[in-house]
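# Understanding the architecture of this molecule
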Amino acid sequence: MPIQLQIALTHLTSRKRQTLVSLSGVVLGVAFFLAVSALMRGSEQDFIKRLVDNSPHITVYDEYRHPQIQPAQLRWPDGAVHIQHLTPKTEVRGIRSYREKLALIETLPGLRIAPVLIGPVVLSFAGRDQAGSLSGIIPSKMKTVSTIQEKMQQGSLDALTANPNGIIIGRGLSDKFQIGLGRNLSVATQDGGSRVMKVVGIFRTGNAIYDESQSFANLKRAQVMFDRPNRINRFIIQLDDPYQARDIAHRIETAIAYKATSWTEASEDILSLLTVRNIIMFSVVLAILIVASFGIYNTLSTIVIEKTRDIAILKSMGFHANDIRLIFLFEGSIIGAIGSVFGLLLGAGLMHILSTIEVKPPGVTEKAFLPIWWGIEQFELAVLFALSSCILAAYLPARRAGKVHPVEILRGA
Amino acid sequence: MSILKAENLVRRLVGEIPVTLVDDISLEIQAGEFVCIMGPSGSGKSSLLYLLGLLDVASSGQLWLDNENVSRLNEDQLANRRLEKLGFVFQFHFLLAEFTVLANVTLPMRRLGRLSETKLNQRGMALLDSLGVADQSHKYPHQLSGGQRQRVAIARALANDPLVILADEPTGNLDTASGALVQQILRDLAHQTGKAVVAVTHDPVFASSADRRIMLIDGKINPDLS
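Predicted model only: the values in this text are computed from it and were never measured.

Rules used throughout
Residues numbered from 1 in each chain as written. Chains lettered and ligands numbered in written order. Predicted model: local features only at pLDDT ≥ 70, side-chain atom pairs only at ≥ 80, totals over all residues. Heavy atoms only, no water. Patch = residues over 30% accessible without salt bridge, like charges linked within 9 Å, V, L, I, M, F, W, Y side chains within 5 Å. Areas by Shrake-Rupley, 256 points an atom, 1.4 Å probe, with all protein chains shown as cover. Salt bridge = Lys/Arg side-chain N within 4 Å of Asp/Glu carboxyl O. Helix = DSSP H or I, 4+ residues; strand = E, 2+ residues; numbered from the N terminus. Buried < 20%, exposed > 50% of the residue type's maximum accessible area, 1.4 Å probe, protein only. Phe/Tyr/Trp six-rings, centres within 6.5 Å; stacked < 30°, edge-to-face > 60°. Pairing = 2+ DSSP bridges. Domains from an automatic or database assignment. Contact = heavy atoms within 4.5 Å. Buried area = accessible area lost by both parts, 1.4 Å probe. Polar contact = N/O pair within 3.5 Å; in protein donor to acceptor, adjacent residues only side chain to side chain. Nonpolar A, V, L, I, M, F, W, Y, C, P; charged D, E, K, R; others polar. Expected span 1.5 Å × (residues − 1). Bend = angle between axes of the 7 residues up to and from the residue. Axes fitted to C-alpha atoms, helices over the stretch in contact; angles between N-to-C directions. Arc of directions from axis to C-beta. Right-handed = clockwise from strand over helix to strand, strands pointing away. Parallel < 35°, antiparallel > 145°, perpendicular 65-115°, else oblique. Left-handed = near helix turned anticlockwise from the far one by under 90°. 1 Å grid on protein atoms, 1.4 Å probe; cavity = no way out; pocket = protein on both sides within 12 Å on 5 of 7 lines; lining within 4 Å. Points joined across faces, edges and corners; volume = space filled by probe spheres on them.

### So, a nonpolar patch on the surface
All names here are of chain A. Together, Ile 338, Val 341, Phe 342 and Leu 345 make up a nonpolar patch on the protein surface, roughly 380 Å² of accessible area in all. One can find Phe 342 in helix 14 (residues 321-355). Look at Phe 342 and you get partly exposed, because its relative accessible area is 48%.

Laid out in structure tokens, this is it:
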């Protein structure tokens, strides 16, 4: 063992109480960091999971982000072309030749896609009306991109395949209309068409507005009702890695020209809120570690003052200023290392206790627990923070110790 | 052969009131010589010893240790020379309280790092034995008497087999009997092992055993009394 390390250990072990106090500061700092970070990251991921699961990762709309380029602009690309009073063509709204586009998008790896035709409808039952939107879906495709199947309280999406005249409504509407499975209700579209449909399923997401106004029908039936045969107006896309959404959305938009919006783009406000939350968390946790490092600074400063004579004698013996600095840096590192180990253990214990606390989020019927993230990065980060703050806290006393001039001390002794 | 040679050494403290601690001192010390530096309080005895011991750097003048001019060496180089060629004994023993007697003695050897753990412990025990304190090797400094501690301090000064032993009032804190023993040890070190021993003292009895006495007054050597 190097002599500097040996002296460092002796300093620490001969001051057990002070060392323990500094050590417990680091232990608590690391443990709290872990507990808070696991909870914050856990709830963040839980939140993103809800956000991501309940909304599509990418939605392709039957719109263009930019107006179509006019032939005149293509003819004179360098010219200053000014076109006035341009009226877009009247056409059947929707994504054109969607089957080819569907096939094209499906060639991209790691995604699942479902075509949807969505439109406004008014649902009526026993003299009561409810405006809402009706999504025409292909049940087998929809199940791969949406959690709606898991939210079904009665019936299932497949019932739409079995009964082309079926409709699936939300729990909110079923409560409002006091309507149950197997009953008929009237569905009216914008252009005056109306049709009686049979309730074949009831879902509950926990989002009141959604549960009251959203309904699902077979895609073919919706196309007929909205008078848009062979058209759809949405692609709903779910990715294996939701964080790829922005890139993939861009690729899709470049390939098919229709506007493709990723969930990150759609929820930018919420995501920036999460960033703020993370900043708050890190400042709180950093504050804990800074307080802990003051404890170390204090202990080591005391040792330096108490041991000035020893430092002088070591220097007179031939120890370099560097050797002396090393002694105190070792002391900081030892406290940091031991504190980290126990802090990690305590932190993991806290995380375990937190993870057993039961919570009941809306729309979930099964038992749920506080979301705790067990990622390895936060353990590494905790150790990194702890070690660097310990070494930083040791640096100032170490520098002071290195500057001790033996003659001044020996003369005064 | 001179082991330590000073030429026109001056040590000044610059400040609001400049003080000259050591004023134009030239001297030569031979191997195997036991030299005492004497003088009243504030005459610059200790300052001269710190200069000769490379603990302090002269404001001007030249210093040779073992035929090497050490006047221009940097702090780390000076530390290396102290580690290899010099040994210090102070008025207060200055042993490290948390280390055993043996650990204190082997400390300079560990820093030098030339001996294996077994070898340096053997050498430490041999040094303690030669000073008659081998039986104390596993005690801590506070369990020893003043005379024993000073002998341990001498053993530590000898750890790396230095050329020169520098002692600052080595008997100043000891009773007569212990003082006499330490005086005997230092004398024997010079005469029997060929080390140069330079001791600062104001004890005339101690000084009387020296081969040579250097009398300092106001930072200058007084040749009449030396």
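### Thoughts on the packing of aromatic side chains
Residues and elements named next belong to chain A. Enumeration over the complete set of coordinates arrives at nine aromatic pairs over all chains. Judged by centre distance (6.2 Å) and plane angle (25°), the ring pair of Phe 125 and Phe 177 falls under stacked. With a gap of 52 residues between them, Phe 125 in strand 2 (residues 111-125) and Phe 177 in helix 7 (residues 171-177) connect regions that are remote in the sequence. Grouping residues by exposure puts Phe 125 and Phe 177 together as buried.

### Examining the sheet that holds strand 4 (residues 60-65) of chain B
Residues and elements named next belong to chain B. Ordered in space as 2-1-4-5, the four strands form an open sheet in which the pairing is antiparallel. Taken across any chain shown, the strands that pair with only one partner, and hence form the sheet edges, are strand 2 (19-30) and strand 5 (68-69). Examined bridge by bridge, strand 1 (residues 2-13) and strand 2 share eight bridges and lie antiparallel to one another. Each residue of the ladder has a partner; that of Arg 11, found in strand 2, is Val 22.

### Re the domain arrangement of chain A
Residues and elements named next belong to chain A. On domain assignment, one finds that chain A holds domain 1 (3-52 + 270-412) and domain 2 (59-75 + 90-265). Between the C-alpha centres of domain 1 and domain 2 there is a distance of 52 Å. Domain 1 puts six residues into the contact, and the matching count from domain 2 is eight residues. Across the interface of domain 1 and domain 2, roughly 580 Å² is buried in total on both sides, 63% from carbon and sulfur atoms. On inspection of domain 1 and its partner domain 2, the count reaches zero salt bridges. Connecting domain 1 to domain 2 are zero residue pairs in polar contact (both at pLDDT 80 or more). The element best represented in the side of domain 1 that touches domain 2 is helix 2 (residues 16-54), accounting for three residues. Here the side of domain 1 that touches domain 2 is composed, by residue class, of five nonpolar, one polar and no charged.

### Structural notes on helix 15 (residues 376-403) of chain A
Owing to its 3.6 residues per turn, the α-helix brings residues three or four apart onto one side. Residue and element names in this part refer to chain A. Under the 1.5 Å per step criterion, the end-to-end length of helix 15 is 40 Å for 28 residues, consistent within 8% with the ideal 40 Å. In the structure, helix 15 departs most strongly from a straight axis at Tyr 395, where the bend amounts to approximately 30° and where the proline Pro 397 lies between one and four residues downstream. Taken residue by residue, helix 15 has Gln 378, Phe 379, Ala 382, Ala 386, Ser 389, Cys 390, Ala 393, Ala 394, Pro 397, Ala 398, Ala 401 and Gly 402 as its buried positions. Check the buried side of helix 15 and you find it contacts helix 2, helix 12 (268-306), helix 13 (308-317) and helix 14.

### Examining the interface of chain B and chain A
Contacts between the two partners involve 23 residues from chain B and, on the opposite side, 26 residues from chain A. For the pairing of chain B and chain A, the buried interface totals around 2400 Å² over both sides, and the portion due to carbon and sulfur atoms is 63%. Of all residues in chain B, the largest losses of buried area upon contact with chain A belong to B:Phe94, B:Glu98 and B:Arg111, amounting jointly to 28% of the total for that side. Taken together, the links from chain B to chain A amount to four salt bridges. Between A:Lys307 and B:Glu98 there is a salt bridge whose closest N-O contact spans 2.6 Å. On inspection of chain B and its partner chain A, the count reaches seven residue pairs in polar contact (both at pLDDT 80 or more).

### Here's the deal with the environment of B:Phe92
Counting through the fold element by element, B:Phe92 comes out in the loop between strand 6 (86-89) and helix 3 (101-112). Separated by 79 residues in sequence, B:Phe92 and B:Thr171 place their C-alpha atoms 9.1 Å apart.

### Side note on the sheet that holds strand 7 (residues 164-168) of chain B
Residues and elements named next belong to chain B. The sheet built from six strands is open, its strands ordered 6-7-8-3-9-10 with mixed pairing. The open sheet is flanked by strand 6 and strand 10 (220-221), the only strands paired with a single partner. Taken together, the four bridges between strand 3 (residues 34-38) and strand 8 (residues 196-200) define a ladder with parallel strand orientation. Of the residues in strand 8, the one forming a bridge with Cys 36 is Ala 199. Contacts from helix 1 (residues 45-52) reach strand 3, strand 6, strand 7, strand 8 and strand 9 (212-217) within the one sheet, and its direction differs from that of strand 7 by about 155°.

### Things to note about helix 4 (residues 117-130) of chain B
Residue and element names in this part refer to chain B. Helix length check: helix 4 (14 residues) gives 20 Å between terminal C-alpha atoms against 20 Å at 1.5 Å per residue, within 8%. Restricting attention to buried positions, one finds in helix 4 the residues Leu 120, Gly 124, Leu 127 and Leu 128. Looking straight down helix 4, one finds its buried side chains confined to an arc of 100°; they lie on one side. The outward face of helix 4, more than 90 degrees from its buried face, is lined by the exposed residues Thr 118, Gln 122, Asp 129 and Ser 130. Residues of helix 4 that are buried in the fold lie against helix 3 and helix 5 (146-157). Residue Gly 132 follows helix 4 closely and has a positive phi angle near 75°.

### What to know about the pairing of strand 8 of chain B
Residue and element names in this part refer to chain B. Judged by how many residues are buried, strand 8 sits mostly within the fold: five of five residues are covered. What you see with strand 8 is no split at all: Ala 196, Val 198 and Val 200 on one side and Val 197 and Ala 199 on the other are buried throughout. Pairing geometry for strand 7 and strand 8, over five bridges, is parallel. Its bridge partner being in strand 8, Ile 165 is matched across the sheet by Val 197. Crossover strand 7 to strand 8 through helix 6 (residues 176-193) is right-handed.

### A closer look at the packing of helix 14 of chain A against helix 15 of chain A
Residue and element names in this part refer to chain A. It is at 7 Å that the axes of helix 14 and helix 15 come closest, and there the two elements cross at 155°. By the criterion of interaxial angle, the relationship of helix 14 to helix 15 is roughly antiparallel. Of the two possible hands of crossing, helix 14 and helix 15 adopt the one that is right-handed.

### Considering the environment of A:His57
Residue and element names in this part refer to chain A. Counting through the fold element by element, His 57 comes out in the loop between helix 2 and strand 1 (58-61). Accessibility expressed as a relative area gives 3% for His 57, which makes it buried. It is 9.8 Å that separates the C-alpha atoms of His 57 and Glu 265, two residues lying 208 residues apart in sequence. For His 57, the contacting residues outside a window of four places in its chain are Val 52, Ile 237, Gln 238, Leu 239, Pro 242, Ala 245, Thr 261, Ser 262 and Trp 263. One polar contact links the side chain of His 57 to the main-chain amide nitrogen of Leu 239, over a distance of 2.7 Å.

### Describing the side chain of A:Ser301
Here A:Ser301 shows up in helix 12. When sequence neighbours within four positions are dropped, the list of residues in contact with A:Ser301 reads A:Pro397 and A:Arg400.

### Overview of unusual backbone geometry
Its identity is not glycine, yet A:Ala126 carries a phi of approximately 50°, on the positive side. Relative to the assigned elements, A:Ala126 resides in the loop between strand 2 and strand 3 (128-137).

### As for empty space enclosed by the protein
Unfilled space is identified by rolling a water-sized probe across the atoms. Evaluation of the coordinates by the stated rule reveals one cavity of 30 Å³ or more. Around the largest cavity sit 14 residues that line it, and A:Met317, B:Leu86, B:Gly87, B:Phe88 and B:Ala157 are the ones nearest its centre. Counting residues per element, the ones that place at least two in the lining of the largest cavity are helix 13 of chain A together with helix 2 (75-85), strand 6 and helix 5 of chain B. Looking at the lining of the largest cavity residue by residue, the classes come out as eight nonpolar, three polar and three charged.

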